[in-house]
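# Summary of the model geometry
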Amino acid sequence: MIAETAREKITESGLKFTHQRMVVYNALQVSADHPTAEMVFAKVKEANPSISLGTVYKTLENFVKAGLLQKFTDDSGVMRFDPMLETHSHLYCTATQQIKDYKNPELELLLKKYLQANQIEDFEVEEVSLVIKGKTK
Ligand SMILES: [Zn+2]
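Keep in mind that what you see is a predicted model, and the values were worked out from it rather than measured.

For F41, the location among the structural elements is in helix α3 (residues 37–45). For the pair F41 and A27, spaced 14 residues apart in sequence, the C-alpha to C-alpha distance is 9.0 Å. Contact partners of F41, with chain neighbours within four places excluded, come to L53 and V56.

Turning our attention to the packing of α3 against helix α4 (residues 53–65). Between α3 and α4, whose axes approach to 9 Å, the crossing angle comes to 120°. Between α3 and α4, the crossing angle belongs to the class labelled oblique. Between α3 and α4 lies a crossing of right-handed hand. Each of A37, V40, F41 and V44 in α3 lies in contact with α4, whose residues at this interface are L53, V56, Y57 and L60. Tallied by class, the residues present in the contact of α3 with α4 amount to eight nonpolar, no polar and no charged.

Structurally, L110 is set in helix α5 (residues 105–117). With 12 C-beta atoms counted inside 10 Å, the residue L110 sits in the exposed group. Expressed as a C-alpha distance, the spacing of L110 and L60, which sit 50 residues apart in the sequence, is 33 Å.

Time to look at the environment of L130. Inspection of the secondary structure puts L130 in the loop between α5 and β5 (131–134). When the 15 C-beta atoms within 10 Å are taken as the criterion, L130 is described as partly exposed. Each C-alpha atom, one on L130 and one on H90, is 6.2 Å from the other, the two residues being 40 residues apart in sequence.

What follows concerns the domain arrangement of the protein chain. Once the domains are mapped, the protein chain shows domain 1 (2–82) and domain 2 (89–134). The interface is formed by six residues belonging to domain 1 together with five residues belonging to domain 2. Residues of the side of domain 1 that touches domain 2, tallied by class, amount to one nonpolar, one polar and four charged.

The rules behind the values
- In this convention, every chain numbers its residues from 1, walking through the sequence in written order.
- Only residues with pLDDT of 70 or above have their local features reported here, since the model is predicted, and side-chain atom pairs are shown and tallied only from 80 upward, although totals for entire chains, interfaces and linings are computed over all residues.
- Only DSSP runs of H or I with at least four residues qualify as helices, and only runs of E with at least two residues qualify as strands; both kinds are numbered from the N terminus onward.
- Note on contacts: residues are paired as contacts if their backbone-placed C-beta atoms lie within 7 Å.
- Between the N-to-C directions of two axes lies an angle of 0 to 180 degrees, each axis being a line fitted to C-alpha atoms and, for a helix, fitted only over the stretch in contact.
- Orientation is classified from the angle alone, with under 35 degrees giving roughly parallel, over 145 giving roughly antiparallel, 65 to 115 giving roughly perpendicular, and any other angle giving oblique.
- Each crossing gets its hand from how the near helix is turned against the far one by less than a right angle, where anticlockwise is left-handed and clockwise is right-handed.
- Basically, the charged four are Asp, Glu, Lys and Arg, the nonpolar ten are Ala, Val, Leu, Ile, Met, Phe, Trp, Tyr, Cys and Pro, and anything else, Gly included, counts as polar.
- Each residue is classed by its C-beta neighbour count within 10 Å, where at least 20 other C-beta atoms makes it buried, 12 or fewer makes it exposed, and intermediate counts make it partly exposed; the C-beta atoms are placed from backbone geometry.
- An automatic or database domain assignment provides the domain bounds reported here.

And the structure:
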């Protein structure tokens with residue numbers, strides 16, 4: 001079933017469906033930890049020993065361009081990948097560097113309204129999401 005979804009999503013985004021793309025896509029869908037390319041590579045190479053880190057990098061970049069993934073850099077400047085496309089915030093644990101999703105539409109709406117009422121000079125706000133730093137208890 002997961003292969004079917006991957007095939008659909010990849011083709012719908014305009015990319016050609018390949019086995020490697022499916023493998024990388026599925027690895028992302030099951031990780032809630034906003035992995036780095038290296039983390040994705042480590043996850044897929046066991047079952048797919050022929051895949052290279054370069055291929056994983058390229059595939060992830062293609063997915064971002066095709067709108068299948070979001071990417072952002074964490075505190076240490078490392079690129080992280082995020083399969084969740086809707087607006088959401090992140091909880092960043094400063095001890096473990098783990099990044100968890102934090103969905104709070106009420107808070108995001110509040111901030112958006114605040115920013116509408118308090119315009120930022122020469123800047124148009126499109127979306128508001130937060131990175132909340134702290135430690136996992
Ligand atoms: Zn996220």
